[in-house]
Amino acid sequence: MRTIGFTALALCALLAACGDTQKSFDDSFNKGFHENFISSCTSSAMRSGVTQDVANKLCTCASDKMKERFSVREKMSLKPEQVNPIVAECRASVTG
């Protein structure tokens with residue numbers, strides 16, 4: 001009986017550690033995704049004639065919306081047809 005209790009306790013600790021590892025990975029991925037997306041998006045927007053201030057607002061808006069709408073796994077394989085409507089939505093709200 002003691003062995004079963006210890007095994008169950010060890011299993012719970014292992015599962016909790018896996019949850020912490022997954023959360024840590026997700027947090028790290030989201031941070032890197034946000035930084036890389038904003039950098040790339042801002043550069044692209046500025047090349048098309050948008051001011052840096054507007055580009056930063058637009059790209060931050062889009063990145064925040066993607067974080068809300070997509071899981072880490074989904075963000076790993078986003079396609080332009082998923083991103084473009086979000087950028088258009090943010091463009092409308094930023095440029096008014």
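Coordinates for the structure precede this section.
Worth saying up front: this structure is predicted, and the values here are computed from it rather than measured.

Caption draft 1: Spatial organisation of the packing of aromatic side chains. The tally for this structure, following the rule as stated, stands at three aromatic pairs. Between phenylalanine 33 and phenylalanine 37, the aromatic rings sit 6.1 Å apart at their centres with planes inclined by 10 degrees, giving stacked as the arrangement. Here phenylalanine 33 pairs with phenylalanine 37, and both are found in helix H1 (residues 2-47), just four residues apart, close to one helical turn. A single burial state applies to phenylalanine 33 and to phenylalanine 37, both of which are buried. Taken together, the ring pairs connect Phe25, Phe29, Phe33 and Phe37 into an aromatic cluster. The positively charged end of lysine 75 is found above the aromatic ring belonging to phenylalanine 33, 5.4 Å away from the centroid.

Conventions we followed
- Residues numbered from 1 in each chain as written.
- Predicted model: local features only at pLDDT ≥ 70, side-chain atom pairs only at ≥ 80, totals over all residues.
- Heavy atoms only, no water.
- Phe/Tyr/Trp six-rings, centres within 6.5 Å; stacked < 30°, edge-to-face > 60°.
- Helix = DSSP H or I, 4+ residues; strand = E, 2+ residues; numbered from the N terminus.
- Buried < 20%, exposed > 50% of the residue type's maximum accessible area, 1.4 Å probe, protein only.
- Lys NZ or Arg CZ within 6 Å of the ring centre and 35° of its normal.

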